[in-house]
Amino acid sequence: MCQCADASADLRLARGALARTRIEKNMANIKLSEEKVNIIKDICKSFGNQSGEVINVLHQVQGKFGYLPAEVQEVIAHELNMPVAKVYGIVSFYSFFTMEPKGEHPIDICLGTACYVRGAEKVLDAFARELNVQVGKCTPDGKFSLNTLRCVGACGLAPVAMIGEKVYGRLTPDMVPGIIAEYK
Amino acid sequence: MINLTIDNKPVQVPEGTTILKAARMAGIDIPTLCYFELDGMNFENKPGGCRVCMVEVKGRRNLAPACATDVMEGMEVLTASPRALNARKTVLELMLSDHPNDCLQCEKSGDCELQSLAARMGIRKIPYTGEQSHYENDSTLSVYREMDKCIYCRRCETMCNKFQSAGALSGVNRGFPSVVAPAFQQKLGDSSCINCGQCVQVCPVGALTLVDNIQNVLNALNDPSKTVVVQTAPAVRVALGEEFGMEPGQIVTGKMAAGLRRLGFDKVFDTDWSADLTIMEEGTELLGRLKKALAGEEVKLPMFTSCCPAWVAFYEKNFPDLLEYPSTAKSPQGMFGAAAKNFLAPKMGVKREDMVVVSIMPCLAKKSELAREELGVNGNRDVDFSLTTRELAHMLKQCNIDLNQLPEEDFDNPLGQSTGAAVIFGATGGVMEAALRTAYEVHTGKTLPRVDFEETRGFQGIKEATIDFDGFPLKIAVAYSLANARKLMNEVREGNPNGYHFIEVMACPGGCIGGAGQPYHHGKSDIIRRRMEAIYREDAGKPIRKSHENPDIIAIYKEYYGEPCGHLSHEQLHTHYFDRSDKLEVTK
């Protein structure tokens, strides 16, 4: 028997489902707390670890964490036994899913038709300028995130913004600093 | 049977046939772009996305995609009505409006399906202007990605996921920014890509191409301080002729050797020689493991072959718990490099650093394999450059050498002589068959009643057989496509219920003959079949057909290595594997 097999035995590396070693590593280490991993695993399990349920799983996990960072997608892919590229493909396809964390006070500007024609874009610009944050992103202190949506059913109040659960209507750009001040 | 008319021609086809296939049966060639099929090899890409195959069906309001519409009784199909033609041209014009159109410099020029289609449809100007997709180019050591050229046919994605189950590529984003990319749009080299290159083999355009090493090799050939030796893989000799207008399945071994000599290689050797060497090492290793198993010792079985570098990368990334199962034998490319630089160079009085070893391979993964740190000495690689069959053809053409005009010449010695067992390494089942020929005779001490093992041949994705080893039932399996290999690996992980002793895996369709470095087959699986026939023809025509009877192999063991799996061969001809799976760190 060739001794090489014995040599490779030295290279045997401990393997646990979630504690794998990797020799040549280009990717950033995936780091996640055990608690979070368990939450994800439980959600996957509640859908029978079926890859066909990935959208439902993503929906629930985003419900728990507010967003779907890369490492969360890695765990989901592992649990559902599907390529992480496919999971990312789905996350990047549906605008509902986000890889950006939501702020403590998520700001959503309505860009529905009624709001849009009544100047929602200027309001959006004012929020972005005032918070110095891009649309879809979160401020570095984690307090505010800025997003857009289509219609909250309050067209009579156009243009409309929501901060958390609270609705602000008949907005003008000059009202924006005052509104933000309420949350500081 | 369903009766219909296509372009007023009555056609009768079985139920469930698509309009596209029905038309092809009737001799009407509806153009396609995203549609791709490898007949009989369990591969079909049918997203119905490109809309190039749109046809008019009488009574239907909208045009129908021929690739994704089944025939119906009484259907009247017009494949080239003014409406269908207009739609087809518009689709092409729109596609070209978001395409770089740099055909003169494009690696794919001449082999590009979009280019041929634009020519066929007589597209002379593109009436649409607007934003164009722009992505950063990306490259591994094997695959070059230029996604500005992607037409989103998603053939690569299907190959990567369905055929190989590598899971590196997926369609991401939606609308205009849609692109095929690895997870999180990271670099391909950071993904689960195994560099099999099959995405390149099926890409209709120049979005996915190979990493071209021609200039590096030309530089080495023109450097008087270097001794440049070349090795050629078994599958190259049955495909290279296609690039020079020959029919698929022509064997051009002698002309290829002559061509390489004209290019200026100092020595023209054969990877087939080291394939015979591989069989000696791998066969001995298998027998060693079997003997231990029979003696009741704990030993890892089944043993897997380790010749295919995409397969090696695949199990290192996906099955890190099974790293002790594959044979530790280097691939024939690796063994040749080790023999050339450790045995031949001193014999020729050439310093290791002054010898350049070039390999001609049907493969893209070999370009990545040769860069593995353990396959060299102090940073000097055993194999310096690997060229594909296509690159060799380009190089010959660049240097005004027409393969058709060349005489048949022999390989140089001592690393040039080979047996029939070596040449069949190029086809699925071939490594298994070659190993069986030698292992049987070494184990039993008897001569094989027949050399051919029909059980291991053919295009079935997974082949299983029990071989009578003089009373011992040796259970074997042969797989191509890594999705098939994954099935076998999962079985092994679950305790090997079928009791396999030896499993051969090759990543590509039909084995190396369908490799990503071979001339583009454009989905014509008949080309791969004819290459396979040629491989077995070459084997049958060889005077010696068993690796252990190769006189040069016998001689090198006597002169240099001692015995198979001995100390020196262990050092030079065997390797080890690494866990390259993704790491998930769990913090408290």
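Residues numbered from 1 in each chain as written. Chains lettered and ligands numbered in written order. Predicted model: local features only at pLDDT ≥ 70, side-chain atom pairs only at ≥ 80, totals over all residues. Heavy atoms only, no water.

## Comments concerning the sheet that holds strand 3 (residues 144-149) of chain A
All names here are of chain A.
- If you walk across this open sheet you meet the 4 strands as 3-2-4-5, and the pairing is mixed. Each edge of the sheet is formed by a strand with only one pairing partner; in this case those strands are strand 3 and strand 5 (166-168). Strand after strand, the sheet turns through a mean of 20 degrees between neighbouring axes, direction not considered.
- Pairing of strand 4 (residues 161-163) with strand 5 involves 3 bridges; the strand directions are antiparallel. If you follow Ile163 over to strand 5, its bridge partner there is Lys166.
- The strands that helix 7 (residues 120-131) touches are strand 2 (105-110), strand 3 and strand 4; relative to strand 2, the one it contacts most, it runs at about 155 degrees. (Pairing = 2+ DSSP bridges. Helix = DSSP H or I, 4+ residues; strand = E, 2+ residues; numbered from the N terminus. Axes fitted to C-alpha atoms, helices over the stretch in contact; angles between N-to-C directions. Contact = heavy atoms within 4.5 Å.)

## Digging into helix 16 (residues 525-540) of chain B
Residue and element names in this part refer to chain B.
- With 16 residues, helix 16 ought to run about 22 Å at 1.5 Å a step, and its terminal C-alpha atoms sit 23 Å apart, in line with that.
- Of the positions making up helix 16, those classed as buried are Ser525, Ile527, Ile528, Arg531, Met532, Ala534, Ile535, Tyr536, Glu538 and Asp539.
- Residues of helix 16 that are buried make contact with strand 3 (36-38), helix 7 (253-263), helix 13 (420-423) and helix 14 (430-444). (Expected span 1.5 Å × (residues − 1). Buried < 20%, exposed > 50% of the residue type's maximum accessible area, 1.4 Å probe, protein only.)

## Concerning the domain arrangement of chain B
Residues and elements named next belong to chain B.
- Domain assignment breaks chain B into domain 1 (2-97) and domain 2 (274-330 + 419-551).
- Taken residue by residue, the interface counts 6 residues in domain 1 and 10 residues in domain 2.
- Of the roughly 580 Å² buried where domain 1 meets domain 2, counting both sides, 66% is carbon and sulfur surface.
- Area buried by domain 1 at its contact with domain 2 is led by Phe36, Leu38 and Met41, which between them contribute 72% of it.
- The tally of links from domain 1 across to domain 2 stands at 0 salt bridges.
- Where domain 1 meets domain 2, there are 2 residue pairs in polar contact (both at pLDDT 80 or more).
- Residue composition of the side of domain 1 that touches domain 2, by class: 3 nonpolar, 1 polar and 2 charged. (Domains from an automatic or database assignment. Buried area = accessible area lost by both parts, 1.4 Å probe. Salt bridge = Lys/Arg side-chain N within 4 Å of Asp/Glu carboxyl O. Polar contact = N/O pair within 3.5 Å; in protein donor to acceptor, adjacent residues only side chain to side chain. Nonpolar A, V, L, I, M, F, W, Y, C, P; charged D, E, K, R; others polar.)

## What to know about the domain arrangement of chain A
- Each domain of chain A was delimited in the assignment, giving domain 1 (32-99) and domain 2 (105-181).
- Each of domain 1 of chain A and domain 2 of chain A has a C-alpha centre, and the two are 29 Å apart.

## Some words on the packing of aromatic side chains
Residue and element names in this part refer to chain B.
- Using the criterion set out here, one finds 19 aromatic pairs over all chains in the structure.
- Aromatic pair Phe269 and Phe336: ring centres 6.0 Å apart, planes at 50 degrees, arrangement tilted. Placement of Phe269 in the loop between strand 14 (267-268) and helix 8 (271-294) and of Phe336 in helix 10 (residues 332-348) is noted, with a sequence separation of 67 residues between them.
- You can call Phe269 buried: its relative accessible area is 0%.
- The buried category is assigned to Phe336, whose relative accessible area is 0%.
- The interplanar angle of 55 degrees and the centroid separation of 5.5 Å between the aromatic rings of Phe304 and Trp311 together place this pair among those described as tilted.
- On the accessibility criterion, Phe304 (0% relative accessible area) is buried. (Phe/Tyr/Trp six-rings, centres within 6.5 Å; stacked < 30°, edge-to-face > 60°.)

## Concerning the confidence of the model for chain B
- Per-residue pLDDT for chain B has a mean of 95; in total, 100% of the residues score no lower than 70.
- Taken over the whole predicted complex, pTM reads 0.89, whereas the ipTM for its chain interfaces reads 0.90. (pLDDT = per-residue confidence, 0-100.)

## Notes on helix 2 (residues 34-46) of chain A
Residues and elements named next belong to chain A.
- With 13 residues, helix 2 should cover 18 Å at 1.5 Å per step; its first-to-last C-alpha distance of 18 Å lies within 8% of that length.
- What helix 2 keeps buried is the set Val37, Ile40, Ile43 and Cys44. The arc enclosing the buried residues of helix 2, seen along the axis, measures out at 125 degrees, which places them on a common side. Opposite the buried face of helix 2, at more than 90 degrees from it, the exposed residues are Glu35, Asp42, Lys45 and Ser46. (Arc of directions from axis to C-beta.)

## Describing the pattern of salt bridges
All names here are of chain B.
- Summed over the entire model, instances satisfying the criterion amount to 47 salt bridges over all chains.
- Taking the shortest distance from any N to any O, the salt bridge between Arg262 and Glu409 comes out at 2.9 Å. With Arg262 in helix 7 and Glu409 in the loop between helix 12 (389-398) and helix 13, this pair connects stretches of sequence that are 147 residues apart.
- Among the charged side chains, a salt-bridge network with shared partners connects Glu433, Arg437, Asp452, Glu454, Arg457, Asp539 and Arg545.

## What about the nonpolar core?
Residues and elements named next belong to chain B.
- Residues Leu240, Phe265 and Trp311 are the most contacted members of the largest nonpolar core, which totals 130 residues.
- With residues up to four places along the chain from it excluded, the contact list for Trp311 reads Phe304, Thr305, Leu482, Ala485, Met489 and Val505.
- Formed by 50 residues, the second largest nonpolar core is a distinct cluster that contains Val431, Ala439, Tyr480 and Phe502. (Core = buried A, V, L, I, M, F, W, Y, C linked by side-chain atoms within 4.5 Å.)

## Considerations on the sheet that holds strand 22 (residues 502-506) of chain B
Residue and element names in this part refer to chain B.
- Strand order in the open sheet made by the 4 strands is 15-22-21-20, with mixed pairing throughout. The open sheet has two edge strands, strand 15 (303-304) and strand 20 (462-469), and neither has a second partner.
- Here strand 15 pairs with strand 22 via 2 bridges, running parallel. Each bridged residue has a counterpart across the sheet, and for Phe304 the counterpart in strand 22 is Ile503.
- Across the face of the sheet, helix 14 comes into contact with strand 20, strand 21 (472-480) and strand 22 while running at roughly 155 degrees to strand 22.

## Some points on the environment of Gln185 of chain B
- Summarising the element assignment, Gln185 of chain B is placed in the loop between strand 11 (179-181) and helix 5 (198-202).
- For Gln185 of chain B, a relative accessible area of 36% translates into the label partly exposed.
- Once the C-alpha coordinates of Gln185 of chain B and Asp552 of chain B are considered, the two residues, 367 residues apart in sequence, prove to be 50 Å apart.
- In this view, Gln185 of chain B contacts Tyr88 of chain A together with Val172, Asn173 and Val179 of chain B; residues no more than four positions away in its chain are not counted.

## So, the packing of helix 3 (residues 54-65) of chain A against helix 5 (residues 84-93) of chain A
Residue and element names in this part refer to chain A.
- For the pair helix 3 and helix 5, the least separation of the axes is 11 Å and the interaxial angle reads 65 degrees. Judged on the interaxial angle alone, helix 5 and helix 3 are roughly perpendicular. The two elements helix 3 and helix 5 cross, and the hand of that crossing is right-handed. Note on element contacts: helix 5 touches helix 3 through Val87, Ile90 and Val91, opposite Val54, Ile55 and Leu58.
- Grouping the constituent residues of the contact of helix 3 with helix 5 by class yields 6 nonpolar, no polar and no charged. (Parallel < 35°, antiparallel > 145°, perpendicular 65-115°, else oblique. Left-handed = near helix turned anticlockwise from the far one by under 90°.)

## Some thoughts on the state of the cysteines
- One pass over the full model with this rule turns up 0 disulfides over all chains.
- Free of any disulfide, Cys193 of chain B has its nearest cysteine sulfur in Cys199 of chain B, 6.4 Å distant. (Disulfide = S-S within 2.5 Å.)

## Here's the deal with the packing of helix 7 of chain B against helix 12 of chain B
Residue and element names in this part refer to chain B.
- For the pair helix 7 and helix 12, interaxial distance at closest approach is 10 Å and the crossing angle is 55 degrees. Between helix 7 and helix 12, the crossing angle belongs to the class labelled oblique. The interaxial crossing formed by helix 7 with helix 12 has left-handed handedness. Two secondary-structure elements touch here, helix 7 through Met256, Gly259, Leu260 and Leu263 and helix 12 through Leu392, Met395 and Leu396.

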